[in-house]
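# Coordinate inspection notes
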Amino acid sequence: MSEGMSEHKPVAIVTGASRGIGFAVAETLAKAGYDLAICATREATVNAAAEKLLACGGQVSAHVVDVSDAEAVKIFVQGVAKQFGRLDVLVNNAGITRDGLAMRMKADDWKSVIDTNLSSVFYASQAALRPMMKARFGRIINISSVVASMGNPGQLNYCASKGGIDAMTRSLAQEVGSRGITVNAIAPGFIATDMTADLGDDAHASLNSQIPLGRLGSPQDIAAAVLFLAADSGAYITGQVLHINGGMYM
Ligand code: NAP
């Protein structure tokens, strides 16, 4: 879905924006005046999200893209830059879990998490660099996780993917800083989305007791920080991992 084109509004891509943190990020950016391109793997949900985002004002372009597919991501990102004539912000948010203890983890569960959470960030960032370098401006914001720093039993594939994001963030920030492009990661703690919904009430109560602020985070807690990094407020911040976790990891 796409409506008209505007010459002057900043343009942001948010991957995995059909729900959860990605949707909250897209909504916050839309309300702040960004034109948006979003993607997810299911047409019905990504189009429904785009409908809601259109109500915030601005243009919204919705795409079905599996971010683990290198060629599809390249076509998506290059197509958005061409369609809107610019690309200011890339939020690499799409992510999955396939939990299991190391002894029993299937190679497919290792590979799908690494491909979806980590390789995707490389594919999308690489495709975004050309338009950003040309404009001598860009903001790349990667959604990592607190478990990249803490570790988590049963999630070694997920932790490895997020640790890789943190390392990639620092390397890319050093490569492209001179071109006016900042690269940062946000490491959420436990956030109330579909990803954490299956944990159950007991696990939630136990988690809350380990979080100094006494609650799970909301998707908006993360979205506010994405906007901070994307806007002028983030101009001198690069190569950082910003932890947003209610104090559960310091
Ligand atoms: P979520 O509610 O499960 O939503 C995930 C989003 O990613 C959906 O829009 C999903 O859309 C999309 N997605 C999944 N696989 C995809 C693929 N291969 N290609 C394109 N899109 C894909 O997850 P969330 O909790 O909002 O998490 C968002 C990000 O924050 C993830 O990177 C996650 O690791 C990270 N994070 C979350 C938490 C937490 O506690 N929730 C904590 C730390 C970090 P479809 O299903 O339609 O494809």
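In short, a report on the structure. (Residues numbered from 1 in each chain as written. Predicted model: local features only at pLDDT ≥ 70, side-chain atom pairs only at ≥ 80, totals over all residues. Heavy atoms only, no water.)

Here the phi dihedral of Arg136 falls at roughly 50°; this positive angle occurs in a residue that is not glycine. Positionally, Arg136 belongs in the loop between helix H4 (107-135) and strand S5 (138-143). (Helix = DSSP H or I, 4+ residues; strand = E, 2+ residues; numbered from the N terminus.)

So, about empty space enclosed by the protein. Evaluated as defined, the whole model comprises one cavity of 30 Å³ or more. Considering the residues around the largest cavity, the lining is formed by Thr15, Val67, Asn92, Asn93, Ala94, Ser120 and Val121. A breakdown of the residues in the lining of the largest cavity according to their chemical character gives three nonpolar, four polar and no charged. (1 Å grid on protein atoms, 1.4 Å probe; cavity = no way out; pocket = protein on both sides within 12 Å on 5 of 7 lines; lining within 4 Å. Points joined across faces, edges and corners; volume = space filled by probe spheres on them. Nonpolar A, V, L, I, M, F, W, Y, C, P; charged D, E, K, R; others polar.)

A few words on the site of the ligand. Taken together, 31 residues sit near the ligand, with Ser18, Thr41, Asn93, Tyr158 and Thr193 positioned nearest. In this structure, an oxygen atom belonging to the ligand sits 3.1 Å away from a main-chain N or O atom of Gly16. In this structure, Arg42 approaches the ligand through a side-chain N or O atom, which is 3.1 Å from an oxygen atom. When the ligand is considered free in solution it has 890 Å² of accessible area, and contact with the protein chains removes 94% of it. Of the pockets mapped on this structure, the ligand occupies the largest pocket. Listed by contribution, the elements that provide at least two residues to the shell around the ligand are helix H1 (20-31), helix H6 (156-176) and helix H7 (194-197). Ranked by the residues each element gives to the shell around the ligand, the list is headed by H7, at three residues. (Near = heavy atom within 4 Å. Polar contact = N/O pair within 3.5 Å; in protein donor to acceptor, adjacent residues only side chain to side chain. Areas by Shrake-Rupley, 256 points an atom, 1.4 Å probe, with all protein chains shown as cover. Sits in = over half its atoms within 2 Å of the grid points.)

Moving on to the pairing of S5. Counted residue by residue, S5 has six buried out of six residues, so it is predominantly covered. Residues Gly138, Ile140 and Asn142 line one face of S5 and the alternating positions Arg139, Ile141 and Ile143 line the opposite face, and both faces are buried. Pairing between strand S4 (residues 89-92) and S5: four bridges, direction parallel. Across the sheet, residue Leu90 finds its bridge partner in S5, namely Ile140. In the classification by handedness, the crossover that spans S4, the intervening H4 and the parallel S5 is right-handed. With six bridges connecting them, S5 and strand S6 (residues 181-188) associate as parallel partners. Its bridge partner being in S6, Arg139 is matched across the sheet by Thr182. (Buried < 20%, exposed > 50% of the residue type's maximum accessible area, 1.4 Å probe, protein only. Pairing = 2+ DSSP bridges. Right-handed = clockwise from strand over helix to strand, strands pointing away.)

In short, the description is geometric, and any link to function would need to be established separately.
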